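# Coordinate analysis (summary)
Spelled out, the chains give:
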Amino acid sequence: MPRWIFNITGLKSIFLSSDNLIGVFPSAFANMHSLQHLDLSHQFLEGTIPGILGNLPNLHSLTIAFNNLGGNLIEFVDSLSKNNCLEILDLTQNRFSGHLPDALGNLTNLRSLVLRKNIFWGSIPESIRLLSSLQRLSLFGNPMNGTIPESIGQLSELVVTDFGQTAWKGTISEGHFSNLTKLEKLEISSTSPKKSLTFSWGRQWIPPFNLKSIIIAHNRVGPSFPEWLQTQSNLTTLFLNDVEISGKLPDWFWYGCSQRIDDLDLANNKISGTLPRSLHFRYEINVYLISNRLDGPIPLWSNVHRLYLWSNSFSGLIPDNIIETMPMLRDLDLSRNSLTGGIPSSIVKLKDLRSLVLSSNNLSGELPQDWSQLQHLQVLDLANNNLSGGIPSSMGALHVMDLADNSLSWVIPACLGNLTGMVSEVQSEDAKRYEGNVMIVAKGREIEYSSTLPLVKIIDLSENNLSGKVPEEITKLHRLGTLNLSNNRLTGSIPSNIGNLNLLETLDLSRNQLSGSIPQSLSSISSLNHLNLSYNNLVGKITSGNQLQTLNDPSIYKVNPGFVGLS
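Residues numbered from 1 in each chain as written. Predicted model: local features only at pLDDT ≥ 70, side-chain atom pairs only at ≥ 80, totals over all residues. Heavy atoms only, no water.

### Focus: the overall build of the protein chain
What counts is decided by this rule: Numbering goes from the N terminus for both helices and strands, where a helix is a DSSP run of H or I of at least four residues and a strand is a run of E of at least two. The classification of residues rests on relative accessible area computed with a 1.4 Å probe and restricted to protein chains. Under 20% of the type maximum is buried, over 50% is exposed, and intermediate values are partly exposed. Here, two residues are considered to be in contact whenever any of their heavy atoms come within 4.5 Å of each other. Values of accessible area rely on a 1.4 Å probe in the Shrake-Rupley scheme; residue burial ignores everything except the protein chains shown. Only four residue types enter the tally: Lys and Arg on the positive side, Asp and Glu on the negative side; His and the chain ends are excluded. In this description, the location of a charge corresponds to atom NZ of lysine, CZ of arginine, CG of aspartate or CD of glutamate.
Helices and strands together make up the secondary structure of the protein chain, namely 4 helices and 43 strands. Its C-alpha atoms give the protein chain principal-axis dimensions of roughly 85 × 60 × 40 Å. Within the span of the protein chain, comprising 567 residues, buried residues form 55% of the whole. Once local pairs closer than 6 in sequence are excluded, the contacts in the protein chain between residues at least 24 apart make up 53%. Of the accessible surface of the protein chain, which amounts to about 23100 Å², a share of 47% is contributed by carbon and sulfur atoms. The average position of the 41 basic charges and that of the 47 acidic charges among the side chains of the protein chain differ by 1 Å.

Structure follows, in structure tokens:
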């Protein structure tokens, strides 16, 4: 930072966000007594914050987020206690640690206290009650493993409480909210597997607030569904994920939900019963009812963008009129249920569909053959069903194609070499849309992908009745990470240009009827860490160059009578 800045004694505001400052926090700021606003976020500052910053009597806002500053805040906050002007303190994503100091209660003019993604632990100090002007309090992403004092309920100006990804313990009672009349956002989620935080409120409780967003996850709320939610007429986001709710949802819930909610997550509970067969949501909505005990038919709800119903007990057919009722669907996951019948042809007319996951059901019949309207489809998982017929020839943008463990026949179409999702990166805006989980066999074991799914490039056609050759065109998919064609009836040779798949990590061609020799180009795939060519009719010497030298498991090549040893 140029030294001349510190000579401008009348300077009131400094905003140097993302200006590549490196080193310790400049102590010369302490002499800038007119300074009111200081923003040094997104830099490379390290060390501690000098306590002499408390000498700035007019400082209203201090933002030093996204640096590498550390240490505890005791000296720093003690120094700030001399300053009754400070309104905004943002230390997001640094390496500050230790307990929150009691002296925070001396910063009585604070309106926003943001300490996200640091390493604070322990409890919120009782002195928090003195921050009567506080509107936003964020401790997201800290290992806070103490208690939240009931005195927080005295912060009558509080609008946002952001306590996500923490490890609180104790009890949250009605008293914690006694005077929070302006509260709009409540987020408390835990990273602790013990669920050490329990919410305790009476069935007749009427809260003083009217929330817009509530996110509670991995804590104890149930077994009853919170009745007070029916008083929240402004609610648009409702997440009660893994909070031990059980039984049926109350009768009033779905009507209120359809009128206001645009993001609903009740996943990982023990909610039972059937869903309303038809429902019109007023606003575009994402619905996550994953891993519950819901049964009955698949609902037909209009205005739904994402519908995740996997790991329940839904049964019956996938509705044929899904295109008329749910034309805006982007992501549909009905896996791990008990659905029967075929995949309706109308499903391939959902033009905005990006992921379709129907695995682990009892689906049968042939796949729809014309998928050309699904130009945005990137994930297709139909594994572990009883589907038959051939593989469609029009699936242009896929980067995950899992049709394993079915009864598919015919040949592998050469047009799989045109899967554009296997040759390009998923765009960041598309990656953000992924919310589902896909179970994939890779590296010789089952792996469940969720947040990393956009990075996965896989073709799994194993456990079918496919015949013919491995198409040479597949070797054009140079970002392919997993290719599993095992347990089919494939013949012919391994494509000679298999080495073009230079990012391939898993190749499983076992239990087919492949012949010929192992292509020399296979040894050039430096990323390969799982290979299985067993139970074929391959001949000649076993290639041993480069990466193949690290794969010294003899079971890779067993039951290929024509092999004569390493080359």
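Additional details are given in the paragraphs that follow.
### Quick look at the sheet that holds strand E20 (residues 270-274)
To keep it simple, the criterion reads: We call two strands paired when DSSP finds no fewer than two bridges between them.
Read across the open sheet, the 5 strands follow the order E18-E20-E22-E24-E26; overall the sheet is parallel. Strands with a single pairing partner mark the edges of an open sheet, and in this sheet they are strand E18 (246-247) and strand E26 (338-339). The pairing of E18 with E20 spans 2 bridges and is classified as parallel. By the bridge assignment, Ser246 is partnered in E20 with Lys270.

### A look at helix H2 (residues 253-260)
Regarding H2, the residues found buried are Phe253, Trp254, Gly256, Cys257 and Ser258. For H2, the secondary structure elements touched by its buried residues are strand E17 (237-241), strand E19 (263-265), strand E21 (278-288) and strand E23 (300-308).

### Observations regarding the environment of Leu197
Tracing the backbone shows Leu197 in strand E15 (residues 197-200). We classify Leu197 as buried; its relative accessible area is 0%. In sequence terms Leu197 and Gly146 are 51 residues apart; their C-alpha atoms lie 9.8 Å from each other. Those residues in contact with Leu197, other than ones at most four positions away along the chain, are Trp168, Lys169, Gly170, Thr171, Ile172, Ile188, Asn219 and Arg220.

### A short note on the pattern of salt bridges
Let me state the cut-off plainly: We define a salt bridge as a contact between a side-chain nitrogen of Lys or Arg and a carboxyl oxygen of Asp or Glu at a distance within 4 Å.
Overall, the coordinates contain 10 salt bridges when judged by the stated rule. Arg116 is the salt-bridge partner of Asp162, the closest N and O atoms lying 2.6 Å from each other. Separated by 46 residues along the polypeptide, Asp162 in strand E12 (residues 160-166) and Arg116 in the loop between strand E9 (112-114) and strand E10 (119-120) bring together distant segments of the chain. Between Asp331 and Arg306 there is a salt bridge, and its shortest N-O distance comes to 3.1 Å. Taken together, the residues Asp331 in strand E25 (residues 331-333) and Arg306 in strand E23 connect sequence positions 25 residues apart. One exposure class covers both Asp331 and Arg306, and it is buried. Here the salt bridges share partners, and the residues they tie into one network are Lys195, Arg220, Asp242 and Glu244.

### Digging into the pairing of strand E30 (residues 386-389)
Every second residue of E30 is oriented toward a common face, the buried set being Leu387 and Gly389 and the non-buried set Asn386 and Ser388. Here strand E28 (residues 364-366) pairs with E30 via 3 bridges, running parallel. Bridge pairing in E30 links Gly365 to Leu387. Pairing analysis gives 2 bridges linking E30 to strand E32 (residues 407-408), with the strands arranged parallel. By the bridge assignment for E32, Ser388 is matched with Ser407.

### Overview of the packing of aromatic side chains
Stated precisely, the cut-off is as follows: Aromatic rings from Phe, Tyr and Trp, with only the six-membered ring used for Trp, were paired whenever their centres fell within 6.5 Å, and each pair was classed as stacked if the ring planes differed by under 30 degrees, edge-to-face if by over 60, and tilted otherwise. Remark: a charge is flagged as sitting over a ring if the NZ atom of Lys or the CZ atom of Arg is within 6 Å of the ring centre and within 35 degrees of the ring normal.
One pass over the full model with this rule turns up 18 aromatic pairs. Their ring planes at 70° and their centres at 5.6 Å tell us that Phe281 and Trp301 sit as a pair that is edge-to-face. Of this pair, Phe281 sits in strand E21 while Trp301 is found in strand E23, placing the two residues 20 residues apart along the sequence. Each of the two residues, Phe281 as well as Trp301, counts as buried. Following the ring pairs from residue to residue traces out a cluster consisting of Phe177, Phe199, Trp201, Trp205, Phe209 and Trp228. Arg116 extends its terminal NZ or CZ atom over the ring of Phe140, reaching a point 4.3 Å from the ring centre.

### Some words on the nonpolar core
Across soluble globular proteins, you tend to see nonpolar side chains buried next to one another. Filter applied, for reference: Here, nonpolar core means buried Ala, Val, Leu, Ile, Met, Phe, Trp, Tyr and Cys residues that are tied together by side-chain atoms lying within 4.5 Å of each other.
Among the nonpolar cores identified, the biggest contains 157 residues, and Phe29, Trp254, Leu264, Trp301, Leu461, Leu522 and Leu531 are the most heavily contacted of them. If near-sequence neighbours (up to four positions away) are discounted, Leu522 is found in contact with Ile498, Leu507, Leu528, Leu531, Leu533 and Leu548.

### Digging into the sheet that holds E10
The strands that make up a sheet are held in pairs by hydrogen bonds between backbone atoms, and each pair lies either parallel or antiparallel. Taken in spatial order, the 5 strands line up as E2-E4-E6-E8-E10 in an open sheet, and their pairing is parallel. Only two strands of the sheet have a single neighbouring strand rather than two, namely strand E2 (22-24) and E10. Pairing between strand E8 (residues 95-98) and E10: 2 bridges, direction parallel. Bridging from a neighbouring strand, Ser97 pairs with Ile119 of E10.

### Overview of the environment of Lys185
Secondary-structure assignment places Lys185 in strand E14 (residues 185-190). According to the relative accessible area criterion, Lys185 is partly exposed, its value standing at 27%. Each C-alpha atom, one on Lys185 and one on Ile494, is 57 Å from the other, the two residues being 309 residues apart in sequence. If sequence neighbours within four positions are ignored, Lys185 has contacts with Val159, Val160, Thr161, Asp162, Leu211 and Ser213.

### Some remarks on unusual backbone geometry
A cis amide bond links Gly222 to the next residue, Pro223, at an omega of 15°. Here Pro223 shows up in the loop between strand E16 (213-217) and E17. Even without being a glycine, Asn303 presents a positive backbone phi close to 75°. Assignment of secondary structure puts Asn303 in strand E23. Within the chain, Trp410 stands out as a residue other than glycine whose phi angle is a positive 70°. Along the polypeptide, Trp410 turns up in the loop between E32 and helix H4 (428-431). On the basis of relative accessible area, Trp410 is assigned to the exposed category, the value being 51%.

### Considering the environment of Thr340
Its place among the elements puts Thr340 in the loop between E26 and strand E27 (355-357). Looking at Thr340, the relative accessible area reads 32%, which means it is partly exposed. Separated by 258 residues in sequence, Thr340 and Lys82 place their C-alpha atoms 70 Å apart. The residues contacting Thr340, other than those within four sequence positions of it, are Gly316, Leu317, Ile318, Asn362 and Leu363.

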